[in-house]
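# Working through the structure, step by step
What follows is each chain in one-letter form.
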Amino acid sequence: MFSWFWSVLGKLGLLSKKGKIVFLGLDNAGKTTLLNVLKDDRLTMHIPTLHPHSEDLVIEGIQFQTFDLGGHETARRIWKDYLATVNGIIFIIDAADPSRFPEAYEELAALLASEELAKTPICVLGNKIDKDTAVSEHELRRAIGLTENLTYGKKYQPSSTTRPLELFMCSVSKRMGYIEGFRWLAKFIP
Ligand SMILES: Nc1nc2c(ncn2[C@@H]2O[C@H](COP(=O)(O)OP(=O)(O)OP(=O)(O)O)[C@@H](O)[C@H]2O)c(=O)[nH]1
Ligand SMILES: [Mg+2]
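As a starting point, this report considers the structure included with it.

Reading guide: rules and limits
Residues numbered from 1 in each chain as written. Chains lettered and ligands numbered in written order. Predicted model: local features only at pLDDT ≥ 70, side-chain atom pairs only at ≥ 80, totals over all residues. Heavy atoms only, no water. Pairing = 2+ DSSP bridges. Helix = DSSP H or I, 4+ residues; strand = E, 2+ residues; numbered from the N terminus. Axes fitted to C-alpha atoms, helices over the stretch in contact; angles between N-to-C directions. Contact = heavy atoms within 4.5 Å. Donors = N, O, S within 2.8 Å, 3.2 Å for Na, K, Ca; no water. Buried < 20%, exposed > 50% of the residue type's maximum accessible area, 1.4 Å probe, protein only.

Ordered in space as E2-E3-E1-E4-E5-E6, the 6 strands form an open sheet in which the pairing is mixed. Looking at which strands have only one partner, the edges of the open sheet turn out to be strand E2 (53-59) and strand E6 (165-169). Geometrically, the sheet is characterised by an average inter-axis angle of 25° between neighbouring strands, direction not taken into account. As defined by bridge partners, strand E1 (residues 18-24) adjoins strand E3 (residues 62-68) across 6 bridges and the pair is classed as parallel. Bridge pairing in E3 links isoleucine 21 to threonine 66. Across the sheet, helix H2 (residues 31-40) lies against E1, E2, E3, strand E4 (88-94) and strand E5 (122-127), angled at about 45° from E2, the strand it touches most.

Right under this line is the structure:
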């Protein structure tokens, strides 16, 4: 109902903000699950994403063109083709699989080091907090090098000159936490 409402507003040109965002993260992190939940509130079976998939969604009153890219190693090679023109990145990490934190850290560090993305807001989602093996926000921050002092702050600080970067813990399956991340990201979409 609400997305219909917003999409009508959007078609009438009453939504001022439009953004292009990409969903990145290792395979199995939950990117496609998130896209499907946002799109039609549906949890779907896990089929690894082989080809980039795009959806136009209205989230928090902003028209987003989203791109769900595969996270397995070969799929990661095309991430860079999408980065030049994006307004924001959602980087998803499986917070319940510490064995893969080093690999996630490496991929995130490569994005953070990319000059192209020096000003691009990055919202990191620590997903699957519903699982027993999920670590705390503090532990995840330490594992991926995003200690509190290095991120932007969950409250909007327009005067800050640093790149918008923040971590939000969430559970896509339980529909918890990610909206706060989108709300935060939306503030940086011009
Ligand atoms: N328990 C739990 N499982 C989740 C959650 N989010 C996603 N999953 C599961 O994690 C698995 C992988 O999810 P996908 O969305 O396919 O992962 P992906 O990031 O798109 O993976 P690739 O397409 O291979 O890059 C699926 O079995 C999902 O059901 C969550 O919040 N909690
Ligand atoms: Mg996928």
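A few words on the coordination of the magnesium ion (ligand 2). Six octahedral donors at a metal ideally form angles of 90 or 180 degrees, and four tetrahedral donors ideally form angles of 109.5 degrees. Taken together, Thr32 (OG1) and Thr49 (OG1) make up the full set of protein donors to the magnesium ion (ligand 2), lying 2.0 Å away. Taken together, the residues threonine 32 in helix H2 and threonine 49 in the loop between H2 and E2 connect sequence positions 17 residues apart. Of the residues examined, threonine 32 reaches a relative accessible area of 24% and is grouped as partly exposed.

By themselves these figures say nothing about function.
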